[in-house]
Amino acid sequence: PGLNSNPTVAADIQGDLVLSDCFSSTTLRSMLTALEQQRSTIEQLQSVQQQQQSRACRTPTTPAQTIATHGACDWEFFAISGNSYLVVANQNSGTNFNINSVVYRWDALLLAFVPVQTIATQGARDWEFFSMAGRGFLALANNRNYGPGSSNVNSMHDTDSKIYAWNNATHTFEELQSILTHKANDWEFFEIDSNSYLAVANAGDSAENYNIDSVIYRWSSASNAFVALQSIRTYGAADWEFFTLPELGSHHLAVANVYDGVTGEVDSVIYRWDGSQFLAMQYIPTSSAFDWEYFRIAGTSYLAVANFGNSSVIYQWNGAAFVAVQSIPTQGAIDLSFFSLDGESYLAVANFNSDSVVYKWDGTAFAAVQSVPSQGPRGVLTFSLDGSTFLAVANSVAGSDSIDSVAGNFDIDSPLHQWNGCRF
């Protein structure tokens, strides 16, 4: 017999189907309504988050920490045995250049860097941290030995710079080696074929000669010291930058020349390692160049130069040489720091005559995205710590527009800024 052969059964089944259909329709409408409410709530939350982020990106931020410094010229970040450290190069307090620089250790409970060691320095300009055979080292560039009673601020540029080694027992740095330098501005550590090297940028001697040699040293295990390997004539040298070009598999050093005794319009030079020494590869016209920064974006190699006397310039490797691709109007640029965040590329610039500025790569060039209040900054450093990114500014002087003047207030704070998702 067919399904509808019994009228009573057929009616019951049809009633059940109608009830089932009504129940399903009501349930679906309720579900759709709930989903629509959830979607609306999510959109509202997203809108609030976007507004908050927009306000955060527009609102000036306060530093995560300020540290009392004295003519600060440089910050260096490093990690040893699971602890994170910052060391500041304090150059001077007024006319006294024989002052202490300080090592700070990160305190995860205080969320701040706390001082753990002071090191006597003489016009400190730069710290360079490096590791060899699992041991940590710091190279110190002392610029001048000038203290109370000295008659000429430029008379004592022939002074020793230092190499310090980490002592695991005392958790402090101890002097390992003393090297005579001449108005040293910078140390650069690098490795080639399992050999370790240090290059010092000598800017001038006590007779005020700026056309002098900077020196490359190689580590000697037998001597337990760095020994001179090569001297290179430089002109008021402020910086060495080591890099390896993946395109060629070649090793390079770039020197930033500031002054030849007559003018700051002097070539800076890129050198190439030939297996035993560095040979000049490319001369680049610069205007009192204080810093080089090498970086890569999307598989392409770039060099940026901080020109104190003119606009700073971005150079791109074209397969044969570095060619200028962008000029950035800076104000007495003196230091650069490249960094990457969330897949984006940035360049921070310390402008001695103005605020520091953070630039963001837009795919073809760098565009300014933030101005960072600064006081005669001589250094900027970006580093990552506990999942956050920080920008450290080395403020050197307030109330002076001359980079070598001893007039002005040198006892000022230097700030550490923390990235908030869109700005420091």
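Heads up: these notes are all about the structure in this document. Because the structure is a prediction, the values reported are computed rather than measured.

## As for the pattern of salt bridges
The full count for this structure, using the stated rule, is five salt bridges. The residue Lys 162 makes a salt bridge to Glu 175 at a minimum N-O spacing of 3.4 Å. With a gap of 13 residues between them, Lys 162 in strand β8 (residues 158-167) and Glu 175 in strand β9 (residues 172-182) connect regions that are remote in the sequence. In this structure, Arg 233 and Asp 213 form a salt bridge, with 2.9 Å as the shortest nitrogen-oxygen distance. With Arg 233 in strand β13 (residues 225-235) and Asp 213 in strand β12 (residues 211-220), the pair connects residues that are 20 residues apart, well separated along the chain.

## Here we look at the side chain of Asn 167
With respect to the helices and strands, Asn 167 occurs in strand β8. Here Thr 170 takes part through its backbone nitrogen, which lies 3.1 Å from a polar atom of the side chain of Asn 167. Among the polar contacts listed, one links the side chain of Asn 167 to the side chain of Glu 174, at a separation of 2.9 Å. Apart from residues no more than four positions distant in its own chain, Asn 167 is found in contact with Thr 172 and Glu 174.

## What to know about the sheet that holds strand β1 (residues 65-70)
Within a sheet, each strand pairs with its neighbour through backbone hydrogen bonds, oriented either parallel or antiparallel. Reading across the sheet, the four strands line up as β1-β28-β27-β26 and stay open at both edges, with antiparallel pairing between neighbours. Looking along the sheet, the strands with just one partner apiece sit at the ends: β1 and β26 (377-385). Strand-to-strand, the axes of this sheet are offset by a mean angle of 20°, without reference to chain direction. Sheet topology places strand β27 (residues 388-395) next to strand β28 (residues 411-418); three bridges connect them, and they run antiparallel. If you follow Leu 391 over to β28, its bridge partner there is His 417.

## Some remarks on the nonpolar core
A general trend in soluble globular proteins is that nonpolar side chains are found buried together. Counting residues in each nonpolar core, the largest one holds 20 residues, and the members touching the most others are Phe 339, Val 358 and Leu 391. Those elements giving two or more residues to this core turn out to be β22 (333-341), β23 (344-351) and β27. Not counting chain neighbours up to four residues away, the residues in contact with Leu 391 comprise Ala 348, Val 358, Val 372, Val 380, Leu 381, Thr 382, Pro 415, Leu 416, His 417 and Phe 424.

## Considering the environment of Asn 307
With respect to the helices, strands and loops of the structure, Asn 307 is situated in strand β19 (residues 300-307). Classification of Asn 307 as buried rests on a relative accessible area of 4%. Remark: the alpha-carbon pair of Asn 307 and Ile 328, spanning 21 residues in sequence, is separated by 9.7 Å. Contacts of Asn 307, omitting those with residues within four sequence positions, involve Thr 286, Ser 287, Ser 288, Ala 289, Ser 312, Val 313, Thr 330 and Ala 333. At 3.0 Å, the side chain of Asn 307 forms a polar contact with the backbone oxygen of Ser 311.

Criteria and thresholds
- Residues numbered from 1 in each chain as written.
- Predicted model: local features only at pLDDT ≥ 70, side-chain atom pairs only at ≥ 80, totals over all residues.
- Heavy atoms only, no water.
- Salt bridge = Lys/Arg side-chain N within 4 Å of Asp/Glu carboxyl O.
- Helix = DSSP H or I, 4+ residues; strand = E, 2+ residues; numbered from the N terminus.
- Polar contact = N/O pair within 3.5 Å; in protein donor to acceptor, adjacent residues only side chain to side chain.
- Contact = heavy atoms within 4.5 Å.
- Pairing = 2+ DSSP bridges.
- Axes fitted to C-alpha atoms, helices over the stretch in contact; angles between N-to-C directions.
- Core = buried A, V, L, I, M, F, W, Y, C linked by side-chain atoms within 4.5 Å.
- Buried < 20%, exposed > 50% of the residue type's maximum accessible area, 1.4 Å probe, protein only.

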